[in-house]
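An overview of the molecular structure
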Amino acid sequence: MNRVILAGFDGENNPARIVTERAECGCRKVILPNDKERSVKALFDEIDRAETSVVIMLGQKPRIRNKISVEPTARCGCETLHTPMDVTTSAELIKQSGYGAYISSCGCGTSYCNHIYFECLKRGVCCIFLHVPTMNNISDINKLITAVEGYIGGIAGIPCMM
């Protein structure tokens with residue numbers, strides 16, 4: 001698992017940070033600054049240092065409740081990049097870990113989440129972005145943490161199609 005990086009954005013009461021800090025997954029962890037360029041640098045530094053094979057990024061999405069949104073794409077201008085990971089299997093693994101999950105059809109957003117995801121995909125990193133609900137839309141943070149831990153434990157069976 002030390003070849004897996006779990007990265008979540010920083011911020012007070014940010015569930016992406018909380019899940020990243022609390023998850024017991026045997027993987028490397030990075031808390032990303034809420035700055036587009038600094039977050040990319042921090043993540044790429046860790047990827048290079050760890051000889052990483054998979055990166056799982058977490059951010060918060062305010063319009064979901066007790067579900068994880070599996071993001072298949074990131075966009076910049078007219079360019080759309082797709083994760084090389086199987087998003088259907090990813091959503092199923094999360095559900096098997098006891099949490100709701102769905103595959104997003106609206107993209108990874110327009111700011112920090114989308115930016116870092118696009119940069120990782122452009123660099124050829126085997127990665128996936130998971131949006132978690134905001135704290136007020138999470139009934140039980142421990143169930144969310146367990147679901148992310150279960151997902152990380154199961155990703156060995158998800159090939160990166162690069």
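Anything mentioned here points back to the structure above.
Residues numbered from 1 in each chain as written. Predicted model: local features only at pLDDT ≥ 70, side-chain atom pairs only at ≥ 80, totals over all residues. Heavy atoms only, no water.

Okay, the nonpolar core next. In this structure, Leu43, Ile56, Met57 and Tyr151 are the most contacted members of the largest nonpolar core, which totals 58 residues. For this core, the element with the highest residue contribution is helix H5 (residues 141–154), accounting for seven residues. Those residues in contact with Leu43 that lie beyond four places of it in its chain are Ile5, Ala7, Leu32, Val55, Met57, Ile116 and Cys120. (Core = buried A, V, L, I, M, F, W, Y, C linked by side-chain atoms within 4.5 Å. Buried < 20%, exposed > 50% of the residue type's maximum accessible area, 1.4 Å probe, protein only. Helix = DSSP H or I, 4+ residues; strand = E, 2+ residues; numbered from the N terminus. Contact = heavy atoms within 4.5 Å.)

It is worth spelling out the pattern of salt bridges at this point. Per the stated rule, a full pass over the model turns up nine salt bridges. The partner of Asp10 in a salt bridge is Arg17, with the nearest N and O atoms 3.6 Å apart. Among the ionic pairs, Arg49 bridges to Glu46, the shortest N-O distance being 2.9 Å. With a gap of three residues between them, Arg49 and Glu46 both fall in helix H2 (residues 36–50), about one helical turn apart. We classify Arg49 as exposed; its relative accessible area is 55%. A single salt-bridge network, built from bridges that share partners, covers Asp10, Arg17 and Glu21. (Salt bridge = Lys/Arg side-chain N within 4 Å of Asp/Glu carboxyl O.)

On to helix H3 (residues 87–96). Looking only at H3, the buried set comprises Val87, Ser90, Ala91, Leu93 and Ile94. Burial along H3 is one-sided: seen end-on, the buried residues are contained in an arc of 160°. Where H3 is buried, its residues touch strand E4 (67–71), strand E7 (100–103), strand E8 (127–133) and H5. Looking at where H3 begins, the residue whose side-chain oxygen comes 2.9 Å from the main-chain nitrogen of Thr88 is Asp86. The positive-phi residue at the C-terminal boundary of H3 is Gly98, with phi of around 95°. (Arc of directions from axis to C-beta. Polar contact = N/O pair within 3.5 Å; in protein donor to acceptor, adjacent residues only side chain to side chain.)

What is shown is where atoms sit, not what they do.
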